[in-house]
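# Fold and contact review
If you want the building blocks of each chain, they are given just below.
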Amino acid sequence: MNTETGSVPAHVGIIMDGNGRWARGRGMVRTQGHLEGLKAAKRVVKAASDMGISYLTLYTFSTENWKRTAEEVGFIMGLVKQYLRGELDFYRENRVRIRHAGDSEGLPPDIRREIEDACEDTRNFTGMQVILALNYGGRDEIIRAVNRAWMFKSSGSPGGAGNLRLREGDIRQYLDNPDVPDPDLIVRTAGEFRTSNFLLWEGAYAEYYISGKFWPDWTGEDLALALQSYGKRERRFGGIRV
Ligand code: IPE
Ligand code: IPE
Ligand code: MG
């Protein structure tokens, strides 16, 4: 059993997958799937906040998703903008804080500004934190953290870079959101059994839940089912049950 059986996970990450297949199955263009996916995100954010989840990381766009057509990429970026602006009242009412994970320098300047503004406008809100993983890759996050840790340590190290030995804590403190606890539960929709570069460092001991449903079909009830499954897991973190 989960150490605190039935308890709500503090941090849930969601790999929101299947927008394209959802659309194709209906004879629609892929972008229509992303539009419906945005509606699902709004539903699930509301449900997660009502359920008492403290941190919700939404995998919105990966460092590998730039391989898609310019049209699809542009459409997704436009939706992100729409989401951040359109939900401002919701954030205020529910005290939701917006944060970003990923390489912000690689984002188009207008999207970057939009995210910075949303993060700034909501920074003092004490309700659920929604972390948008946008231009996010687990490997990229680790590489950026290692570079920062290395630069900081080598500048302060008496022996210079040659005397350098990084430890777990050195890397951790330079991750994108070091104060956010590791995810307890990672959900992937659309039936795929892979991480696709999501929270590689932080997800070391996350429980996984795979849903066969495409993301645009997801509702709060699906999240409740995922939490139910999580409540039955036995988390050992490499130890043994006593
Ligand atoms: C997830 O849906 C959204 C993003 C990756 C941006 P997909 O667009 O990957 O949908 P499928 O997997 O092709 O069905
Ligand atoms: C993962 O989905 C990325 C997001 C959901 C944002 P992908 O559709 O990009 O992953 P693969 O290509 O199926 O592994
Ligand atoms: Mg996909």
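Before reading further, recall that the structure is shown in the block above.
None of the values given here were measured: they were computed from a predicted structure.

Rules used in this analysis
Residues numbered from 1 in each chain as written. Chains lettered and ligands numbered in written order. Predicted model: local features only at pLDDT ≥ 70, side-chain atom pairs only at ≥ 80, totals over all residues. Heavy atoms only, no water. Helix = DSSP H or I, 4+ residues; strand = E, 2+ residues; numbered from the N terminus. Rg over C-alpha atoms; globule rule 2.2 N^0.38 Å. Buried < 20%, exposed > 50% of the residue type's maximum accessible area, 1.4 Å probe, protein only. Contact = heavy atoms within 4.5 Å. Areas by Shrake-Rupley, 256 points an atom, 1.4 Å probe, with all protein chains shown as cover. Lys, Arg positive; Asp, Glu negative; His and termini not counted. Charge placed at Lys NZ, Arg CZ, Asp CG, Glu CD. Near = heavy atom within 4 Å. Polar contact = N/O pair within 3.5 Å; in protein donor to acceptor, adjacent residues only side chain to side chain. Nonpolar A, V, L, I, M, F, W, Y, C, P; charged D, E, K, R; others polar.

A separate point is the overall build of the protein chain. What the protein chain contains, in helices and strands, is eight helices and six strands. Helices and strands in the protein chain line up, N terminus first, as β-α-α-β-α-α-β-α-β-α-α-β-β-α. Against the compact-globule benchmark of 18 Å for 242 residues, the protein chain has a radius of gyration of 19 Å, which places it among compact chains. Along the longest, intermediate and shortest principal axes, the C-alpha atoms of the protein chain span 60 × 50 × 35 Å. Counting the 242 residues in the protein chain, one finds 49% classified as buried. Taking all contacts inside the protein chain whose residues are at least 6 apart in sequence as the whole, residues at least 24 apart take part in 75%. Accessible surface computed for the protein chain: about 12,400 Å², of which carbon and sulfur atoms make up 50%. One finds the centroid of the 34 positive side-chain charges in the protein chain at a distance of 3 Å from the centroid of its 33 negative side-chain charges.

Right, let's talk about the site of ligand 1 for a bit. Around ligand 1 there are 13 residues in total, and Asp17, Gly20, Arg21, Arg30 and Arg68 lie nearest to it. In the environment of ligand 1, an oxygen atom lies 2.9 Å from a nitrogen or oxygen atom belonging to the side chain of Asp17. One of the side-chain N or O atoms of Arg68 is found 2.7 Å from an oxygen atom in ligand 1. Its free accessible area being 370 Å², ligand 1 has 87% of it covered by the protein chains. When contributions to the shell around ligand 1 are tallied by element, the ones reaching two or more residues are helix H1 (19-24), helix H2 (30-51) and helix H3 (70-86). The class makeup of the residues in the shell around ligand 1 is two nonpolar, six polar and five charged.

Its identity is not glycine, yet Asn197 carries a phi of approximately 75°, on the positive side. As for its placement among the helices and strands, Asn197 is situated in the loop between strand E5 (185-188) and strand E6 (207-210). Using a relative accessible area of 12% as the deciding quantity, one classes Asn197 as buried. We note that Phe237 has phi near 50°; this positive angle belongs to a residue other than glycine.

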